[in-house]
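Inside the fold
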Amino acid sequence: MEESNNNSIKPSNRATTVESFKVMDVLRRANQLEAEGRTIYHCEVGQPESGAPKTVAQAAVAALTGDADQSRLGYTDAFGLLALREKIAEHYKEKYALPTDKEVGTDRIVVTTGSSGGFLLAFTACFDAGDVIAIASSGYPCYRNILQALGCELANVSINEEFKLTANELRQEIEQRQASGKKKLKGLILSSPSNPTGAMLSVQEVKDMCELCEKEGIRFLSDEIYHGISYGKEAATALSFSSTAIVINSFSKYYSMSGWRLGWMVLPADLVDPINTLQQNMFINAPTISQTAAIQCWEPETIAELETHVAKYRTSREFILKQMETISEIPPKNIAPADGGFYVYVDLGEELVCRERGLGSTEMCRILLEDKGVAFTPGTDFEDPAGSLGDRRFRISYAGGTTVVADAMTHFKEFWPFWVKMVNDAKN
């Protein structure tokens, strides 16, 4: 009898070295406690409290229950339903007033399986193993995790005191790499408004970033999934200033369709054919039922409903920031500006952690969840793992509703003196 080779059958190194998406770990524990009968205040995930808009849900029901032709819901073109792509193209024309030479045609729009599907398509179309991609030192963790799974190298570019990565910071990274003989940057992926900081690039800062990337031959992937959710600042699209950038967007945030797994990309001309081929092989097409329903997203009734969501986010944001002002130990400069999206990002500073005793933001968030039922996300999910800021910072999501936010902040403030005393005792 031949000896078994089962010991050689194991997961790939790629799979076993990718970090988990830690906010989902927090959510899993929060859900466990909730199943045990605990009241949990969910401020961990960036998932809107509301479901899909009424018009969208009605369109889905109609598609599922219509006659045979309507309810077939088979494959679509790899790039998605033309009717949906026409709506997206019209959205750019109306919202951003793009110049004639920058107008978006439906041939450059691909409907994706969420923004996550867009990331995978864009990364595989633009980069090869060993290429170096710049990301913000405080940023969405799945950029880092997916790129590393694909064999890319990362350049973590430090954000500035306004919690932004601008052309100034990117230029410094380029110059430092040139001076030290390091590989050139092949790409940059950046979100504005940012997850986790909420910081937004100004119109001029987006323009400067696009111009620098084109000058240096860096492919700019502009993650614009939080467009539509901002508080007094104008959101600019990279499409206004670049002919080589990829814009990635999603129906999960502003459009409140997170579980429908639908997003889109606007592509430069040179990537239309490569992305088409990859989409055909990786996904075939985004979910047809979701595409069909999403055509309603720009109807006046739908937009009116979605704007009520943004009003709630604005109320929750203002409440959290006012509550944070009453915590004297955390100076205002340690709180990111929260210009857009639905997050407040906080730096505890060295004074309010004692990492030698295991008391950082990860432990703070753990105790807060276990003792008070408040789910915040530690900064280890978002920060450069080579640095030390991850265990100093934490993110509060206010996507879950005004009541949840108010109750969560009440319990957090009750908990806060306990945490300060714990850290001070550990240091003394």
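This report concerns the structure included in the present document. (Residues numbered from 1 in each chain as written. Predicted model: local features only at pLDDT ≥ 70, side-chain atom pairs only at ≥ 80, totals over all residues. Heavy atoms only, no water.)

1. Here we look at the side chain of S242
Counting through the fold element by element, S242 comes out in the loop between β6 (219-223) and β7 (246-250). Within the structure, S242 has its side chain in polar contact with the backbone nitrogen of A245 (distance 3.0 Å). If we ignore the near neighbours within four places in the chain, the residues touching S242 are K102, C210 and E214. (Helix = DSSP H or I, 4+ residues; strand = E, 2+ residues; numbered from the N terminus. Polar contact = N/O pair within 3.5 Å; in protein donor to acceptor, adjacent residues only side chain to side chain. Contact = heavy atoms within 4.5 Å.)

2. Some words on the state of the cysteines
Inspection of the entire model under this criterion finds zero disulfides. The thiol of C43 is not disulfide-bonded; the next cysteine sulfur, from C365, is found 11 Å away. A relative accessible area of 1% means that C43 is categorised as buried. Among the cysteines around C152, which has no disulfide bond, C126 carries the closest sulfur, lying 10 Å off. Residue C152 is classed as buried on the basis of its relative accessible area, which comes to 7%. (Disulfide = S-S within 2.5 Å. Buried < 20%, exposed > 50% of the residue type's maximum accessible area, 1.4 Å probe, protein only.)

3. With respect to the pairing of strand β3 (residues 132-136)
With respect to burial, β3 is a largely interior element, five of its five residues being buried. By the alternation rule, side chains of β3 split into V132, A134 and A136 and I133 and I135, which are all buried. The sheet contact formed by β3 and strand β4 (residues 153-157) spans five bridges and is parallel. Within the sheet, the bridge partner assigned to A134 lies in β4 and is A155. (Pairing = 2+ DSSP bridges.)

4. Brief notes about the nonpolar core
Judged by nonpolar contacts, the single largest core of 101 residues is most densely connected at Y92, L170, F251, F376, F412 and W416. Tallying contributions element by element places helix α14 (residues 402-427) first for this core, with 10 residues. Leave out the neighbours within four places in its chain, and Y92 touches A97, L98, V104, T237, L239, V247, N249, W264 and V266. Counting residues in each nonpolar core, the second largest holds 25 residues, with V110, I133, Y143 and C152 among its members. (Core = buried A, V, L, I, M, F, W, Y, C linked by side-chain atoms within 4.5 Å.)

5. What to know about empty space enclosed by the protein
Taken as a whole, this structure holds three cavities of 30 Å³ or more when the rule is applied. In this structure, the largest cavity encloses a volume near 120 Å³. In terms of lining residues, the largest cavity is bounded by 18 residues, among which A136, L165, L190, S191 and S194 are the most central. Going through the elements one at a time, β3 and β5 (185-191) are the ones with two or more residues in the lining of the largest cavity. (1 Å grid on protein atoms, 1.4 Å probe; cavity = no way out; pocket = protein on both sides within 12 Å on 5 of 7 lines; lining within 4 Å. Points joined across faces, edges and corners; volume = space filled by probe spheres on them.)

6. A few points about the packing of aromatic side chains
What the rule picks out here adds up to 25 aromatic pairs. Considering the side-chain rings of Y255 and W298, the 5.5 Å spacing of their centres and the 65 degrees angle between planes classify their relative orientation as edge-to-face. Taken as a pair, Y255 in the loop between β7 and β8 (263-266) and W298 in the loop between α11 (288-294) and α12 (300-325) lie far apart in primary sequence, 43 residues in all. Per residue, the accessibility class of Y255 equals that of W298, and both read buried. (Phe/Tyr/Trp six-rings, centres within 6.5 Å; stacked < 30°, edge-to-face > 60°.)

7. Remarks on the environment of Y231
Residue placement: Y231 occurs in the loop between β6 and β7. Considered as a pair, Y231 and S8 are 223 residues apart in the sequence and their alpha carbons are 55 Å apart. Here Y398 takes part through its side chain, which lies 3.5 Å from a polar atom of the side chain of Y231.

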